[in-house]
Amino acid sequence: MKSITIRLPDGLKDLIADEAENNGQTQSDYLRQIIETHVGQIKEEDFPRESSQDLSLSVAERKTLTLGYQLLLASQGDLPEEQYDVEEVRNTVEALENGYAGEYPRIFAGSEGEVAYGECKLVWDILDMFRVIKYSIRKLGEDGWEQTGVIDAEDYGSFQGFDFQVDLESKLAGYVKYLVRTHRWEEQKEFIDLDGGNSHSEMLPTYRPMLATFKPIWRTATSRGASLYLNADDIRRVLLAAPGASLNTRSGPDQHGEQGK
């Protein structure tokens, strides 16, 4: 392992020492973890992940807020024409002013149920898992997938999207497209652009057991200065958690890392 010397202000050096001690790490391990996080691109997206409040909005509240933001766009000349229908707006105003409750379903049509916080977090976790696998395989080298010894390893180790024909997965697919479009998990952009992220088969039964195996492995890898990449054995364990995944017993390593007979 090579070393590098850097100069730090006294205050920053003291802060690093305190943070490393609080994490149970040496200062070298603490700094290496920070550098690997940024240089290696295996990192959490920079947006709040923990909700301090149990927030939820009714369909009417969401519609009202949506119209408010559309008004803001319109005031700047940025509202797309397809979002503005003069006659429809006038009819809606009249129905709301007079309280024609029978018109409410039409007014609020197109407002689907929420993607709850827990469901959003599930999507984040799934995308994080496949990001870690991708960059860990890249670090293993050109034969990274082969090193796992899993049949069709690249298929199991790549995000396959969600099924548009399943209500929950369809909502999650829409959220994935939103996340990619807003510059988060951009490594999935090419895949999303190809087919909109449609897996054409239900995927949560595959992703959930993989996540259950991945999370404790990743917690161990990121604790106390451990490497921020998974090794071939770790990746193998995650991939084999997927229903139907199996080892190539002829040429691949078995679950203990030994070559198959």
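Predicted model, so just to flag it, every value in this text is computed and none were measured.

Caption draft 1: Inspection of the nonpolar core at higher detail. Counting residues in each nonpolar core, the largest one holds 41 residues, and the members touching the most others are Ile126, Ile133 and Phe162. Of all the secondary structure elements, the ones that give two or more residues to this core are helix 6 (117–140), helix 9 (167–181), helix 11 (204–222) and helix 12 (232–240). In terms of residues, this core owes the most to one element, helix 6, which gives 11 residues.

Caption draft 2: The arrangement of the packing of aromatic side chains in detail. Scanning the entire structure with this criterion turns up 9 aromatic pairs. Pairing Tyr117 with Trp124 gives two aromatic rings, centres 5.9 Å apart and planes at 85°, and the pair type is edge-to-face. Centre to centre, the rings of Phe159 and Phe162 are 5.8 Å apart; their planes meet at 70°, and the pair counts as edge-to-face. Looking at Phe159, the relative accessible area reads 5%, which means it is buried. Positioned over the ring face of Tyr229 is Lys139, at 4.9 Å from the centre of the ring.

Caption draft 3: Focus on the pattern of salt bridges. Inspection of every chain in the model, using the stated rule, returns 6 salt bridges. With its nearest N and O atoms 2.9 Å apart, the salt bridge here joins Glu187 to Arg131. With Glu187 in the loop between helix 9 and helix 10 (189–195) and Arg131 in helix 6, the pair connects residues that are 56 residues apart, well separated along the chain. The exposure class assigned to Arg131 is buried, which follows from its relative accessible area of 6%. Across the salt bridge formed by Arg236 and Asp233, the nearest N and O atoms sit 2.8 Å from each other.

Rules and cut-offs
- Residues numbered from 1 in each chain as written.
- Predicted model: local features only at pLDDT ≥ 70, side-chain atom pairs only at ≥ 80, totals over all residues.
- Heavy atoms only, no water.
- Core = buried A, V, L, I, M, F, W, Y, C linked by side-chain atoms within 4.5 Å.
- Buried < 20%, exposed > 50% of the residue type's maximum accessible area, 1.4 Å probe, protein only.
- Helix = DSSP H or I, 4+ residues; strand = E, 2+ residues; numbered from the N terminus.
- Phe/Tyr/Trp six-rings, centres within 6.5 Å; stacked < 30°, edge-to-face > 60°.
- Lys NZ or Arg CZ within 6 Å of the ring centre and 35° of its normal.
- Salt bridge = Lys/Arg side-chain N within 4 Å of Asp/Glu carboxyl O.

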